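Chain and residue survey
The chain contents come next:
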Amino acid sequence: MALANDGCAYPQWTVSWEADLAFWAGHAATSATEAHKARSLVRLRLELPLSEAVIVCDSLKARLGGKIGPGDAGGLLLETAEAVRKGLSRERRNRLSGAAGMRRGASGVHSAVRRPGFSPSRSSGPGEAAGSTARDAFWGSIGGPGGSFLLETVRVADLPGLSGLPALPDLSDWTGMQESAHQAIGNRADDSLRPAVARGRGVSAGEGAAWRSAAREAGRKLAGRSLLLDEAIGLLGMEDSGTGLFLLQFAALAGEARLAAAMESGAGRRAKLRCRRCGSGEERMRRTACASCGSAACAVCEACIAMGRSRECGLLVLALPGRAERDQPSASVPGRPLPADGRPRSLRGSTDFSVFSRPVDGERAPLFVDRWGLSPAQLRASEAAVRFLRGDGPGEPLNSLNRLLPSAFRRSARTQSRRFLLWAVTGAGKTEMIFPLLQEVLDRGGRALVATPRRDVVLELAPRLAKAFPGVGLAVLYGGSEDRWTNAPLTLATTHQLLRFQEAFDLVLVDELDAFPYHNDPMLHYAAEKARRADGSTVFLSATPPASMQREVKRGGLPCARVPVRFHRHPLPVPVRLNVPPIYKWIGRGQVPASLKRLADESVRRGAQLFVFVPYIRHVDPVVSLLRRHAGEWGIAPEAIGGTSSKDAERSGKVTEFRNRSFRVLVTTTILERGVTVPRSDVCILDAHHAMFDEAALVQMAGRAGRSGDDPKGRVYFCSAYATRSQHRAESQIQAMNRLARKLGYIRTAEG
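Residues numbered from 1 in each chain as written. Predicted model: local features only at pLDDT ≥ 70, side-chain atom pairs only at ≥ 80, totals over all residues. Heavy atoms only, no water.

1. Things to note about the sheet that holds strand β20 (residues 560-563)
Inclusion rule: Strands pair, by our definition, only if DSSP identifies at least two bridges between them. Going along the chain from the N terminus, every DSSP run of H or I of four or more residues is numbered as a helix, and every run of E of two or more is numbered as a strand. Lines are fitted to the C-alpha atoms to define the axes, a helix being fitted only along its stretch in contact, and any angle between axes, read from their N-to-C directions, falls within 0 to 180 degrees. We call two residues in contact whenever any of their non-hydrogen atoms come within 4.5 Å of each other.
One open sheet holds the 7 strands; their spatial order is β16-β17-β15-β18-β19-β14-β20, and the pairing between them is parallel. If you trace the sheet from one side to the other, it starts and ends with β16 (474-477) and β20, each paired once. Within this sheet the neighbouring strands show an average axis-to-axis angle of 15°, counted without direction. Where strand β18 (residues 505-511) and strand β19 (residues 532-542) come together, 6 bridges link them in parallel fashion. By the bridge assignment for β19, Asp511 is matched with Leu541. Contacting β15 (448-452), β16 and β17 (490-494), helix α17 (residues 455-468) runs over the sheet at an angle of about 165° to β17. Contacts from helix α19 (residues 547-555) reach β14 (419-424), β19 and β20, with the element oriented near 110° to β14.

See the structure below:
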């Protein structure tokens, strides 16, 4: 707890006591206001587990009011820590009181996390000889027999004369701060970067400025991030963890970063832990022996363990709220003007002014330069989303789009949360529709994120984004990516990578929100929410939004623009149901149903390729074997019928062969329900009555047919023993989109 000359107290916990000494000594030398200079530091010389130290600190902040003296501060510190201890459950109190549970974490209000090569418990404190009786009592239990709380008061003015002060790290080799530090202290020798408190004299104003420059540089690199300790040290490029801890603590004291316990814990006996990184509760955690803190029951979050171990004793380095805004202006402020000539900065000088004078259906000129060749339906949907980003209301100037929005939303557009849904049918070109949104944010100096659940989609989209936005910095993030610590205006990432961000982006675009693993995963939803700035916007893209989101649209709680037609402007193929026995029956008999043989024959003879979807992996090989018996009847070789699944190591190669027409029939599972486009194809869904095939899955599988302008009337068959609600709803959704497309004039006429 730091006590200022004006009597105000500043409680805090620390992971580097040396950083606190350096900071407050430097603050005394650089502070312009005498009243705000630190007079003394009161330290609880007992290492607490990090999560418990946070509780003590928060309790102190809640109880402090008015000005207090050093004696009052110490008493309040002891009283608060004891009250917190009594409020803990017996299990947590035992973990806290045991020596094993105390050798990692926080030293009272000033916590000291142990790290390789540094042990705060073994070094002498300021003004104390090594090996003293007080030092031997450092590991005393909290309020238990044989020990008590120990306090230490240090006068800031006495720091230069104290003996036994722990040596502070030399950060002169850190490239991030070297240039700014040299500028601040006049390009003196590198040794001058070592805080003077380690050399037995006061801290000069120049040296204080150097350390603050280093802290600002660290804060700039950490802006928008949410990282575990080893990740933060890796991002900063620090080779020594002790030096990294020092810099992080100094940056936190200087207001350039925020440190928090990886596990958030409330006070009280019934308080539960929550992972601060992914939002998961104790039901997703397990307790194990921990080599880092010595505890026999240290909680580890298993929900986000694939992204690194988030432990109860661990540290989380967070972007300071508002830091990203200081570094980069927010792009989501409504009404922020574009350049005076009406065109984005990236397109100034363009001679193509025709799009500005060309009205859309006679209503008004487009909001942006359409340099991506959008169809009328794509253009209107993108304009609605851009208007939403500008705070103008979703598509209000466009009557055709406004009719798609519930009246309840139109009346309350200003009061809704910053979320928008682009509901586009399969094959409508969702990727092209997001380009104007990205341009809108980038032109205003903001940061945009495109998140998708699958790595293969990230790798597919990366070159398309790079081509669409030449000259714009692009970070591509997935497991093993080389861009792991790159901060760029435009970021493309898998949804799991969002766990490493905090209030970083003005625009978060979530593609395929209904796809695994994002769908029904609260952790990934939490990650996407926290990655967005407080005043930012989230745009969801989907051909099959979840039922809950569809209901929200109908109630007017979620603005939405629909794209009911594909780029070739032909209707979507409507599924036809065929009465076919369950797979297990005709596999057991070794006979392919006549209706299935007939539809396969028709597809192959018309030159199409046939997707055959089955519910389980175990069905793939038997169905392939049976179909190959009839390959000669259809005029193809048996080898032209293949199968694949998520467990097939050769899946990518087989999909390529299918695209190249080496395979004419491909039996597969829902692993290929998305992301695969074959120009001339039909779809057959076996056991369409199966519970695994819900409405969204059926619509997505049906969407593999009719995607090409050369063959827009592909065929879709629901082969089932009986009709189900999911089949009816999938068919109804497809027909509703076709009706809407006709109503809006999107369907191409016979003459067109």
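Past the structure itself, the notes keep going.
2. Digging into the environment of Leu389
This is how the line gets drawn: Only protein chains enter the accessibility calculation, which uses a 1.4 Å probe. A residue is then buried if its area is under 20% of the maximum for its type, exposed if over 50%, and partly exposed in between.
Within the secondary structure, Leu389 sits in helix α13 (residues 376-390). Accessibility expressed as a relative area gives 6% for Leu389, which makes it buried. Measuring from C-alpha to C-alpha, the distance between Leu389 and Gly536 comes to 8.7 Å, with 147 residues separating the pair along the chain.

3. Some thoughts on the pattern of salt bridges
Which entries qualify depends on this criterion: Each salt bridge in this description consists of a side-chain nitrogen of Lys or Arg and a carboxyl oxygen of Asp or Glu lying within 4 Å of one another.
Taken as a whole and assessed by the stated rule, the structure comprises 22 salt bridges. A salt bridge links Arg286 to Glu302; the nearest nitrogen and oxygen atoms lie 2.3 Å apart. Of this pair, Arg286 sits in strand β11 (residues 285-288) while Glu302 sits in the loop between β12 (298-301) and β13 (315-318), and the two are 16 residues apart along the sequence. Accessibility expressed as a relative area gives 38% for Glu302, which makes it partly exposed. Of the charged contacts, one joins Asp711 and Arg680 as a salt bridge, the two residues approaching to 3.6 Å between their closest N and O atoms. With a gap of 31 residues between them, Asp711 in the loop between α24 (695-702) and β26 (716-720) and Arg680 in the loop between β24 (665-668) and β25 (681-686) connect regions that are remote in the sequence. What emerges from the salt-bridge pattern is a single network uniting Arg606, Arg680, Asp682 and Asp711.

4. Things to note about a positive patch on the surface
The condition is simple: A patch consists of residues exposed above 30% relative accessible area that lack any salt bridge, with like charges linked at up to 9 Å and nonpolar side chains (Val, Leu, Ile, Met, Phe, Trp, Tyr) linked at up to 5 Å. Each accessible area value is a Shrake-Rupley result obtained with a 1.4 Å probe; residue values ignore everything except the protein chains displayed when judging cover. We count Lys and Arg on the positive side and Asp and Glu on the negative side, and we leave His and both chain ends out. Where a charge sits is defined by one atom per residue type, namely NZ (Lys), CZ (Arg), CG (Asp) or CD (Glu).
A surface patch of like charges, here positive, comprises Arg551, Lys554, Arg555, Arg725 and Arg729. For the positive patch, the secondary structure elements donating two or more residues are α19 and α25 (725-743). Counting residues per element, the positive patch draws most heavily on α19, at 3 residues. Mapped onto the fold, Arg555 is located in helix α19. Under the relative-accessibility criterion, Arg555 is labelled exposed at 57%.

5. A closer look at the sheet that holds strand β7 (residues 226-228)
Across the sheet, which stays open at both edges, the 3 strands sit in the order β7-β13-β8 with antiparallel pairing between neighbours. With partners counted over all chains shown, the strands left at the sheet margins are β7 and β8 (258-261), one partner each. Taken pair by pair, the neighbouring strands of this sheet meet at an average axis angle of 30°, ignoring direction. With 4 bridges connecting them, β8 and β13 associate as antiparallel partners.

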